[in-house]
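Overview (structure and organization)
Each chain, letter by letter, is given below.
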Amino acid sequence: MALLWLGQQVVSTRNRVWFPLSRSLSCSSRVQQSWTDSREQPVESPEGPVFSRSSIGKFFQDKPLLKNPFLEDALLRNYLRRHLPSRDVEEDLTKFGERIVQEIDALGLECEENPPRLRHFDAWGRRVDHILTCPAWARMKEISAEEGLVAAGYEKRFGEWSRVYQMSKLFLYAPSAGLYSCPLAMTDGAAKVIESLGGASSVEEAFQRLTSRDPKRFWTSGQWMTERKGGSDVASGTETVAWPQADGTYKLQGFKWFTSATDADMTLTLARIPDKAGRTKQGSGGLSLFYAEVRDGQGNLNGIEVQRLKDKLGTRQMPTAEVLLHGLPAHRISEEGRGVASIANMLTLTRIHNTVSAVASMRRMVQLSREYATKRFVFGKFLKDHPLHVQTMARMEVETRAAFLLLMEVCRLLGREEGGVASDMELHLLRLLTTVAKLYTGKQAVAVVSEGLECFGGQGYIEDTGLPRMLRDAQVLSIWEGTTNILALDVLRCISKTSGQVLDSFFADVKMKTLGVGADHALRPAVGAVNSALSTLGQFMRSAVQRPPVVMEMAARDLAYTLARVYMGALLINHACWDGASQADVYAALRWCEQDLCPVVTKDARGNYDPKTKAMDSALVYEGSSLET
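Calculation rules
- Residues numbered from 1 in each chain as written.
- Predicted model: local features only at pLDDT ≥ 70, side-chain atom pairs only at ≥ 80, totals over all residues.
- Heavy atoms only, no water.
- Helix = DSSP H or I, 4+ residues; strand = E, 2+ residues; numbered from the N terminus.
- Areas by Shrake-Rupley, 256 points an atom, 1.4 Å probe, with all protein chains shown as cover.
- Lys, Arg positive; Asp, Glu negative; His and termini not counted.
- Charge placed at Lys NZ, Arg CZ, Asp CG, Glu CD.
- 1 Å grid on protein atoms, 1.4 Å probe; cavity = no way out; pocket = protein on both sides within 12 Å on 5 of 7 lines; lining within 4 Å.
- Points joined across faces, edges and corners; volume = space filled by probe spheres on them.
- Core = buried A, V, L, I, M, F, W, Y, C linked by side-chain atoms within 4.5 Å.
- Buried < 20%, exposed > 50% of the residue type's maximum accessible area, 1.4 Å probe, protein only.
- Contact = heavy atoms within 4.5 Å.
- Phe/Tyr/Trp six-rings, centres within 6.5 Å; stacked < 30°, edge-to-face > 60°.
- Axes fitted to C-alpha atoms, helices over the stretch in contact; angles between N-to-C directions.
- Parallel < 35°, antiparallel > 145°, perpendicular 65-115°, else oblique.
- Nonpolar A, V, L, I, M, F, W, Y, C, P; charged D, E, K, R; others polar.
- Expected span 1.5 Å × (residues − 1).
- Patch = residues over 30% accessible without salt bridge, like charges linked within 9 Å, V, L, I, M, F, W, Y side chains within 5 Å.
- Salt bridge = Lys/Arg side-chain N within 4 Å of Asp/Glu carboxyl O.
- Pairing = 2+ DSSP bridges.
- pLDDT = per-residue confidence, 0-100.

Structural notes on the overall build of the protein
- When helices and strands are tallied, the protein shows 21 helices and 15 strands.
- Overall, the C-alpha framework of the protein stretches about 95 × 75 × 65 Å when taken along its three principal axes.
- Per element, the accessible surface of the protein, about 29800 Å² overall, is 51% carbon and sulfur.
- The centroid of the 76 positive side-chain charges in the protein is displaced by 2 Å from the centroid of its 73 negative side-chain charges.

Description of the layout of surface pockets
- The calculated volume of the second largest pocket comes to roughly 870 Å³.
- Secondary-structure elements contributing two or more residues to the lining of the second largest pocket are α3 (87-113), α11 (344-373) and α14 (467-474).
- In terms of residue count, the dominant contributor to the lining of the second largest pocket is α3 (six residues).

Describing the nonpolar core
- Core analysis: the largest hydrophobic core is formed by 159 residues, its most contacted members being Y173, L268 and F506.
- Considering each element in turn, this core owes the most residues, 17 residues, to helix α18 (residues 549-577).
- Those residues within four positions of L268 in sequence are excluded, and the remaining contacts are A190, V193, S221, G222, Q223, W224, M225, L289, F290, Y291, I333 and M346.
- Listed in part, the 16 residues of the second largest apolar core include A292, I304, L325 and A330.

A few points about the packing of aromatic side chains
- With the rule as written, the count across this model stands at 13 aromatic pairs.
- The interplanar angle of 65 degrees and the centroid separation of 5.0 Å between the aromatic rings of F158 and Y165 together place this pair among those described as edge-to-face. In terms of burial, F158 and Y165 fall into one category: buried.
- For the ring pair F506 and Y567, a centre distance of 5.7 Å and an interplane angle of 35 degrees mean the geometry is tilted. Pair noted here: F506 is in helix α16 (residues 501-513) and Y567 is in helix α18, with a separation of 61 residues, a long-range link. Neither residue differs from the other here; F506 and Y567 are each classed as buried.

What about the packing of helix α15 (residues 484-497) against α18?
- Running from N to C, α15 and α18 point in directions that differ by 90 degrees, and their axes come no closer than 8 Å. Compared by their axis directions, α15 and α18 come out roughly perpendicular. Across the interface between the two elements, T484, N485, A488, L489, V491, L492 and I495 from α15 touch M552, E553, A556, R557, L559, A560, Y561 and L563 from α18.
- Class assignment for the residues of the contact of α15 with α18 results in eleven nonpolar, two polar and two charged.

What to know about empty space enclosed by the protein
- Inspection of every chain in the model, using the stated rule, returns two cavities of 30 Å³ or more.
- Its volume calculated, the largest cavity comes out at about 50 Å³.
- Residue lining of the largest cavity: P69, D73, F171, L172, P175, A360, R363, R364 and Q367, and that is the complete set.
- Residue assignment for the lining of the largest cavity shows that the elements contributing at least two residues are α6 (162-173) and α11.
- In terms of residue count, the dominant contributor to the lining of the largest cavity is α11 (four residues).

Regarding α15
- The terminal C-alpha atoms of α15 lie 20 Å apart, and with 14 residues this matches the ideal 20 Å at 1.5 Å per residue to within 8%.
- Just beyond α15, the residue with positive phi is S499, at close to 55 degrees.

Observations regarding a nonpolar patch on the surface
- A cluster of nonpolar side chains, namely L620, V621, Y622 and L627, defines an oily patch on the protein surface of about 440 Å² accessible area.
- In this structure, V621 sits in helix α21 (residues 612-622).
- Residue V621 is classed as exposed on the basis of its relative accessible area, which comes to 61%.

Observations regarding the pairing of strand β7 (residues 221-226)
- Counting buried residues along β7, five of its six residues qualify, which places the element largely inside the surrounding structure.
- Relative to strand β9 (residues 250-260), β7 is paired through two bridges, and the arrangement is antiparallel. Opposite T226, over in β9, you have F258 as the bridge partner.

Brief notes about α14
- Taken across its eight residues, α14 has six buried, putting it largely inside the fold.
- For α14, every residue scored as buried is listed here: L467, P468, M470, R472, D473 and A474.
- In this structure, the buried residues of α14 make contact with α3, α11 and α13 (424-454).

A short note on the confidence of the model for the protein
- Summary statistics for the protein give a mean pLDDT of 91 and a share of 91% for residues scoring 70 or more.
- Every residue in residues 1-44 is under pLDDT 50, and counting partners more than four places away or in other chains gives 58 contacts.

Looking at the pattern of salt bridges
- In the structure shown here, the tally under the stated rule is 47 salt bridges.
- For E371, the salt bridge identified is with K375, shortest N-O distance 3.3 Å.
- A residue is classified by how much of its surface remains accessible, and E371, at 10% relative accessible area, is buried.
- Two residues, R591 and E594, come together in a salt bridge whose shortest N-O distance is 3.2 Å.
- Accessibility expressed as a relative area gives 25% for R591, which makes it partly exposed.
- By relative accessible area, which is 58% here, E594 ends up exposed.

As structure tokens, this is what we get:
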């Protein structure tokens, strides 16, 4: 019930206040002056207070502060100190971390609050299909060039460790990037493809722009693969046709259902080249890879109509659209019919970038949660002093550490492959672990970020804290560049295509990474758990070849989870063994290895992959449905 004091004559109800009119008039000038002098103190007359704000209490909860993410990340700093002990790297990442706090994070928030809009027509009725983005989005492009967020991977300043340096920087950047990390992923992937194909003259300038540090020259690239029939199955889902032109170029006709970073400067896309009778070859053998610039010399869309922007759950900061190609000029950059094979390098890069974003979102949530725990005082003490709350954060930290080390290992392997120094075993591991890391960290990110929201209570559900956006954006990480099931099947293909050599490399490397642990070391329980999981996994794989093919398909997801958990355990153990390791490193490895590291064997023992369960699963899902068979 609000009270308004005017002299001593106040009558109040729940919603109304009465006082003598003469008193109100005589005090009006004093009240006006009170707003000029101070909005916090009531004005007093000789008879007493004449005005007061309704009491709303004095307590306001302090918000969690974003601090320099590099200086706040002990694991990242120690990893680099162990593997890339460069003063230049440390100084650059420290400086960049401060720039994130002082400039970039606010720009990312502006991108979130001002999502892209599509304007189909100009004021005079001309079709323009102009995608309007906020100034912060343009500024992110400039910063990306200035900081070399793509260029660092191609300058090779740190030799085989250049990718680790680049991805460490992107790891700090991604949670504050306003989703500009996504165009950078596709730009990096496009640059990798162009570089691997030998840099034809038609795309040489594009490569230079994609890897430039000059904001005025820097380009971003789109990746326009998905059509109406679907995304992962490009072999049967691509209908776009590339019509040959007299000058050796092509004009593309088709419809792209999902084009990320539609405002990019260029794009790579798949299409089918018709024969003289106008027929196209179906399947992956009929697909070729094309390079196209999105705009012409006047800045107009180049044979492209933007049908609509996608209304997405998350990643709203980035323009994603359906586009109609009606004569888009393009250059074929792959051998005819080798389009799918040519984008393999792109998939490697974009899946690694996906992993970067996943692990980065986990790390940012942990950093904010632990900072908030030092400020939130409930039930007589700060959250940091409540054992159950700290236990929850510790579990989040263990997940984040395991994910980070897997990410860095994949980046290390990529750097060695690009530097031409990777062994056959390392090449096998890169092929396998890139897929496993993307698959597993995508699921981890959603779980950890969701858990992190609970660390803030109700505020974790309030939009203007910025926290719910982290969960919405995390959800795409298990979908983009292959869902969990698609990637799990890719793991099976990888094993099959190499006749099991990738698994041989996996087993050998896990054993190698845990060799340095002595019999009396505190890590022995973790080593025992990893070795036991490795042994039972080997038994499962040997027996699987004698069973119906459906068994391995049904086991694919759990097999991929097993590979991830076992390898993460080995990495945690290995990191905890180096001279600069902390007690926290040892503890994290022990806690990680307490879980079921080999779920594929556990579930096989329960009959989950029995061929009979296929029919039972179907009956369970469709019981009572009109679709029941």
